[in-house]
Amino acid sequence: ASGRKVTGMPTGFIDCIGDKMTGMQLGFGNFTGDKVHGFQAGFVNATGDKFHGAEVGFLNFTGNKFTGMQIGFCNKVHTLSGFQLGFLNFTDTVEHGIPLGFLTYVKHGGYQAVDVSISELFPVNISYKTGTEILYTSINASFGADTGHQFAFGLGLGSFIHLSPKLAFNPEYVSLTTLFQSWEQLQSLKLNFNYQLDQHFSVFAGPSVTWQHLNSTTSDWLNPFLSVFTVDVNAGNKIYSGLNAGVRYRF
């Protein structure tokens, strides 16, 4: 522990620095009361004011502005300028850069939405999206009414490219796994256009293409819903192309 400014490479099980740290800090718990400029790695990393550099840990906290790259299971900063990668990300404001995680919450200027849609393979798709408009992640669930076994669940990535105040190009990539039917893999690329109706509601539509990979013991049981054409690649793979459309609510 040190109540003054530290320059160099402090190491230990618990490293506590009351003032500034410049250099590399390694330990199970790294705590700096003021600013950090350098590299920090530990199970828990906490900085009271600003951090500039790279930080790797299970839990990472920066009280003010973080500039650089932050990687951890749970990351929390006030202002982000850089790249944030984690299972859970919490950010008040993104100044520059991208937070990427399973769940990312940005208080000011973030993006959160829920949509319901139809696609080339499923008549019912529900998706929760969170992150920023530059890059968001999604949790997706799909259901086919023709058979009680036709469920799929997965994750995705998406982005908005604004063409006008109300119209945006909205490409998405979604990876789904079918449930209760030998765990088939579905990889979809959706090239949607999103039209904003008001502050919260929008509609979207566009072409989509899906690669279906069948397990060797699985028969092809999917019944395309809005598929325009199907290509049999081989015994275990098919490509479906079609349309998808839906309505979205932004929080």
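Everything below is about the structure printed above this text.
Conventions and cut-offs
- Residues numbered from 1 in each chain as written.
- Predicted model: local features only at pLDDT ≥ 70, side-chain atom pairs only at ≥ 80, totals over all residues.
- Heavy atoms only, no water.
- Helix = DSSP H or I, 4+ residues; strand = E, 2+ residues; numbered from the N terminus.
- Buried < 20%, exposed > 50% of the residue type's maximum accessible area, 1.4 Å probe, protein only.
- Contact = heavy atoms within 4.5 Å.
- Areas by Shrake-Rupley, 256 points an atom, 1.4 Å probe, with all protein chains shown as cover.
- Pairing = 2+ DSSP bridges.
- Polar contact = N/O pair within 3.5 Å; in protein donor to acceptor, adjacent residues only side chain to side chain.
- Salt bridge = Lys/Arg side-chain N within 4 Å of Asp/Glu carboxyl O.

Caption draft 1: Molecular detail of the overall build of the chain. Helices and strands together make up the secondary structure of the chain, namely 0 helices and 15 strands. Burial statistics for the chain: of 251 residues in total, 42% are counted as buried. Summarising the internal contacts of the chain: among those between residues at least 6 apart in sequence, 31% fall at separations of at least 24. Of the roughly 11,800 Å² that the chain leaves accessible, carbon and sulfur atoms contribute 69%.

Caption draft 2: Geometry of the pairing of strand S4 (residues 36–47). Looking at chain direction, strand S3 (residues 21–32) and S4 are connected through 10 bridges and run parallel. In the strand pairing of S4, Thr22 is matched with His37. Where S4 and strand S5 (residues 51–108) come together, 11 bridges link them in parallel fashion. When the sheet's bridge partners are listed, Thr47 is paired in S5 with Thr62.

Caption draft 3: A look at the pairing of strand S12 (residues 185–196). Only one face of S12 is buried: it carries Leu186, Ser188, Lys190, Asn192, Asn194 and Gln196, and the other face, with Gln185, Gln187, Leu189, Leu191, Phe193 and Tyr195, is open. Both strand S11 (residues 167–179) and S12 contribute to a ladder of 11 bridges, which runs antiparallel. Bridging across to S12, Ser175 finds its partner in Gln187. When S12 meets strand S13 (residues 201–213), the two strands line up antiparallel, connected through 10 bridges. Bridged to Tyr195 within S13 is Val203. Adjacent in sequence and paired antiparallel, S12 and S13 are bridged by 4 residues.

Caption draft 4: Layout of the side chain of Glu172. The residue Glu172 is located in strand S11 in this model. A polar contact is formed between the side chain of Glu172 and the side chain of Lys129, at a distance of 2.7 Å. Reaching out from Glu172, the side chain makes a polar contact with the side chain of Tyr136 at a distance of 2.4 Å. The contacts of Glu172, once residues within four sequence positions are left out, are Lys129, Tyr136, Leu157, Gly158, Ser188, Leu189, Lys190 and Arg248.

Caption draft 5: Summary view of the pattern of salt bridges. Overall, the coordinates contain 8 salt bridges when judged by the stated rule. Linking Lys65 and Glu95 is a salt bridge whose minimum nitrogen-to-oxygen distance equals 2.7 Å. Taking the relative accessible area as the measure of exposure, Glu95 reaches 39% and is therefore partly exposed. The salt bridge partner of Arg248 is Glu172, with a shortest N-O separation of 3.9 Å. With Arg248 in strand S15 (residues 237–250) and Glu172 in strand S11, this pair connects stretches of sequence that are 76 residues apart. On the accessibility criterion, Glu172 (6% relative accessible area) is buried.

Caption draft 6: Just the environment of Gly246, in detail. With respect to the helices and strands, the residue Gly246 is situated in strand S15. Here Gly246 falls in the buried class, since its relative accessible area comes to 16%. Sequence separation between Gly246 and Asn125 is 121 residues; the distance between their C-alpha atoms is 8.8 Å. If we skip the residues at most four places from it in the chain, Gly246 touches Val116, Ser117, Ser202, Val203 and Phe204.

Worth remembering: the numbers are spatial, not functional.
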